Amino acid sequence: MKRICLVASCLGALLLVPGIVRASPESLREKVVDAVARKFPDVPFANYVYGALAFSPDAKGQYDAMMEFPPFEGEIEKGRKLWETPFANGRTYADCLPGGGRQVAGNYPYFDDARQKVVTFEMALNDCRAANGEAPYKHADMGTMGLLTAYARTLSDGMKMHIRVDGEGAEKAFRAGERLFYQRRGQLNFSCATCHVDNVGNILRTEYLSMAPGQAVHWPAFRGGDYTLFTLQRRYSVCNQLVRSVPLEIGGEDYNNLEYFHSYLSNGLPLQASVFRK
Amino acid sequence: MRFTSILCATALPLCLALAGTARADSVPALSEEAAAVLQGAETRVSQAREQKALWTSTEAALHEAREAARKGDSAAVLKFAGQANDQAFLGMAQLHYPVTGH
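Residues numbered from 1 in each chain as written. Chains lettered and ligands numbered in written order. Predicted model: local features only at pLDDT ≥ 70, side-chain atom pairs only at ≥ 80, totals over all residues. Heavy atoms only, no water.

J.: Break down the overall build of chain A for me, citing the residues and quoting the values.
T.: In terms of helices and strands, chain A carries eleven helices and seven strands. Here chain A has a C-alpha radius of gyration of 20 Å; the compact-globule value for 278 residues is 19 Å, and the two agree. Dimensions along the principal axes, computed over C-alpha positions, put chain A at roughly 75 × 45 × 35 Å. Going through the 278 residues of chain A one by one, you find that 50% of them count as buried. Sequence-distant contacts, at least 24 apart, represent 69% of the contacts inside chain A between residues at least 6 apart. In the form shown here, chain A has an accessible surface area of approximately 13,500 Å², with 55% of it arising from carbon and sulfur atoms. Positive and negative side-chain charges of chain A, numbering 32 and 30 respectively, have mean locations separated by a distance of 6 Å. (Helix = DSSP H or I, 4+ residues; strand = E, 2+ residues; numbered from the N terminus. Rg over C-alpha atoms; globule rule 2.2 N^0.38 Å. Buried < 20%, exposed > 50% of the residue type's maximum accessible area, 1.4 Å probe, protein only. Contact = heavy atoms within 4.5 Å. Areas by Shrake-Rupley, 256 points an atom, 1.4 Å probe, with all protein chains shown as cover. Lys, Arg positive; Asp, Glu negative; His and termini not counted. Charge placed at Lys NZ, Arg CZ, Asp CG, Glu CD.)

J.: Any chance you could break down the overall build of chain B for me, citing the residues and the numbers?
T.: Counting secondary structure elements, chain B contains four helices and zero strands. Element order for chain B, N to C, with α for helix and β for strand: α-α-α-α. Burial analysis of chain B (102 residues in total) assigns 27% to the buried set. Taking contacts inside chain B between residues at least 6 apart in sequence as the whole, the part at least 24 apart equals 73%. Summed over its atoms, the accessible surface of chain B is roughly 6,600 Å², and 62% of this surface lies on carbon and sulfur atoms.

J.: I'd like to hear about the nonpolar core, residue by residue, with values.
T.: Membership of the largest hydrophobic core comes to 72 residues, with the highest contact counts inside it found for Trp 83, Tyr 93, Phe 121, Leu 125, Phe 181 and Tyr 260 of chain A. The dominant element in this core, judged by the number of residues it contributes, is helix 7 (residues 142-152) of chain A, at seven residues. Excluding residues within four positions of it along the chain, Phe 181 of chain A makes contact with Ser 191, Cys 192, Ala 193, Val 197, Ala 212, Leu 258, Phe 261, His 262 and Leu 265 of chain A. Grouped together as the second largest cluster of nonpolar side chains are 20 residues, Val 246 of chain A together with Ala 76, Ala 81 and Met 92 of chain B included. (Core = buried A, V, L, I, M, F, W, Y, C linked by side-chain atoms within 4.5 Å.)

J.: Can you break down unusual backbone geometry residue by residue, with the values?
T.: Residues and elements named next belong to chain A. A cis amide bond, omega 0°, links Tyr 108 with the succeeding residue Pro 109. Geometrically, the link from Trp 219 to Pro 220 is a cis peptide bond, its omega value of 0° lying close to zero. Positionally, Pro 220 belongs in the loop between strand 4 (207-208) and strand 5 (221-223). The residue Arg 205 is not glycine, and still its phi comes out positive at about 50°. Turning to its location among the elements, Arg 205 is positioned in the loop between strand 3 (203-204) and strand 4.

J.: Break down helix 6 (residues 121-131) of chain A for me, citing the residues and quoting the values.
T.: For an α-helix, 3.6 residues make a turn, and residues three or four places apart therefore share a direction. All names here are of chain A. Within helix 6, eight of the eleven residues are buried, which leaves it mostly tucked inside the rest of the structure. For helix 6, the elements touching its buried residues are helix 4 (73-84), helix 5 (93-96), strand 2 (117-119), helix 7 and helix 11 (253-264). A positive phi of about 75° marks Gly 133, the residue just after helix 6.

J.: Requested: an account of the environment of Pro 41 of chain A, with residues and values cited.
T.: Mapped onto the secondary structure, Pro 41 of chain A falls in the loop between helix 2 (25-39) and helix 3 (57-68). For the pair formed by Pro 41 of chain A and Ser 263 of chain A, sequence separation is 222 residues and the distance between their alpha carbons is 22 Å.

J.: Describe the state of the cysteines, with residues and values.
T.: Residue and element names in this part refer to chain A. Per the stated rule, a full pass over the model turns up one disulfide over all chains. Paired by a disulfide, Cys 96 and Cys 128 hold their sulfur atoms 2.0 Å apart. Because the sign of the S-S torsion sets the handedness, a value of about 75° for the bond joining Cys 96 and Cys 128 places this disulfide among the right-handed ones. Residue Cys 96 is located in helix 5, and its partner Cys 128 is located in helix 6; the two are separated by 32 residues in the primary sequence. The class for Cys 96 is partly exposed, based on a relative accessible area of 30%. Left without a disulfide partner, Cys 192 is nearest to the cysteine sulfur of Cys 239, which lies 7.1 Å away. Take Cys 195: it sits in no disulfide, and the sulfur closest to it among the cysteines is that of Cys 239, at 7.7 Å. (Disulfide = S-S within 2.5 Å.)

J.: I'd love a proper account of the interface of chain B and chain A, names of residues and values included.
T.: In this assembly, 14 residues from chain B lie in contact with 21 residues from chain A. Summing the contributions of chain B and of chain A, the shared interface buries around 1,500 Å²; its carbon and sulfur component is 50%. Notably, a salt bridge pairs Asp 254 of chain A with Lys 52 of chain B, separated by 2.6 Å at the nearest N-O pair. For the side of chain B that touches chain A, the secondary structure elements donating two or more residues are helix 3 (56-71) and helix 4 (74-94) of chain B. Here the side of chain B that touches chain A gets three residues from one element, more than from any other, and that element is helix 3 of chain B. By residue class, the composition of the side of chain B that touches chain A is five nonpolar, seven polar and two charged. (Buried area = accessible area lost by both parts, 1.4 Å probe. Salt bridge = Lys/Arg side-chain N within 4 Å of Asp/Glu carboxyl O. Nonpolar A, V, L, I, M, F, W, Y, C, P; charged D, E, K, R; others polar.)

J.: Mind laying out the environment of Gln 47 of chain B, listing which residues take part and the relevant values?
T.: Relative to the helices and strands, Gln 47 of chain B is located in helix 2 (residues 32-50). Taking relative accessible area as the criterion, Gln 47 of chain B reaches 34% and is therefore assigned partly exposed.

J.: Pulling in residues and values, what's your account of the side chain of Arg 235 of chain A?
T.: Residue and element names in this part refer to chain A. Residue placement: Arg 235 occurs in helix 10 (residues 232-242). Here Arg 235 is buried and forms no salt bridge, its nearest opposite-charge partner Glu 207 lying at an N-O distance of 9.0 Å. Look past the residues within four positions of Arg 235 in its chain and what remains in contact with it is Trp 219, Arg 223, Phe 230 and Leu 242.

J.: So what's going on with the packing of aromatic side chains? Residues and values would help.
T.: Residues and elements named next belong to chain A. Summed over the entire model, instances satisfying the criterion amount to 16 aromatic pairs over all chains. The interplanar angle of 70° and the centroid separation of 5.3 Å between the aromatic rings of Phe 45 and Tyr 48 together place this pair among those described as edge-to-face. Cluster of aromatic residues (ring-pair linked, three or more members): Phe 174, Phe 181, Tyr 182, Tyr 260, Phe 261 and Tyr 264. Sitting above the plane of the Tyr 50 ring, Lys 60 keeps its charged end 4.2 Å from the centroid. The ring of Tyr 137 carries Arg 129 above its face, with NZ or CZ at 3.8 Å from the centroid. (Phe/Tyr/Trp six-rings, centres within 6.5 Å; stacked < 30°, edge-to-face > 60°. Lys NZ or Arg CZ within 6 Å of the ring centre and 35° of its normal.)

Set out below in structure tokens:
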């Protein structure tokens, strides 16, 4: 009896050791969403897609006015031409993706068990190019990959983000992304969570800090000023620079895992690509 | 007149060559200490880069140290290479900080 109690006590103690029992992806997501909801009970969950705009009715009004006649429509049109122009063999991107590429982007990134790595939407487009004898686009090239996704992702507007974490490999990639999200980086010693979980709604550098749930659904974005096109991973790169950390590779494993985790936090929220952001 | 022309034709290149030598000689050599600290910083920054733990401020400090070395400014090399070395170390140590609360 004493031995049974001792073993049970030891097992109980193990539960208190960090890392031994981890929150499931869904409970982690719910915890982050609840943290935002407790701090801002008047902001509906659906409005998390507006990020910092959700905290300023004036900014949201300007955004709505801008989105009636977006000044970057010409760039999206360039993306449409890239999407619709057949490859040398006559096939198109629509031939590669389920549903002709419509209502699919919310399933990306996903974990490919065969390749044992995260596959982003951009990687899927490059896979399509490779399968049809075309050279891949560089992920950091906004003039090609940026414009292509600026249009291609609009075909999934309204689709709810639906990222899955099934299996050991997916769990490992998810945890790697989670660690990167919560890890302090750069001379300023911030993690992604420092701003976008712990300080949501506070003002830094004259701007409200947006909440992490809802961030991944609205890329690429055209940023204020000269409407420069940013993919999500390009934004990661800039955020890293802002905390004085040398950015990691756009399209590399680290950012792909981060996007996997980060996108999961937005599960259930509708996608809208190619929007304006300050 | 002809003698004067010959004199100028030979003297001018000689003067220019001597001026060039004088300019090269005016850049002082780095002190042994500065050279060693710079070498150490190069190694430490390279390690931080490999571990994906490099700060942009570290890169900037190393750049300043290299520029100072080109000018032979040992004091500046010591200052900036020291910063680069320290920050590269901190960047790598940061990888082992506890993650922020969640």
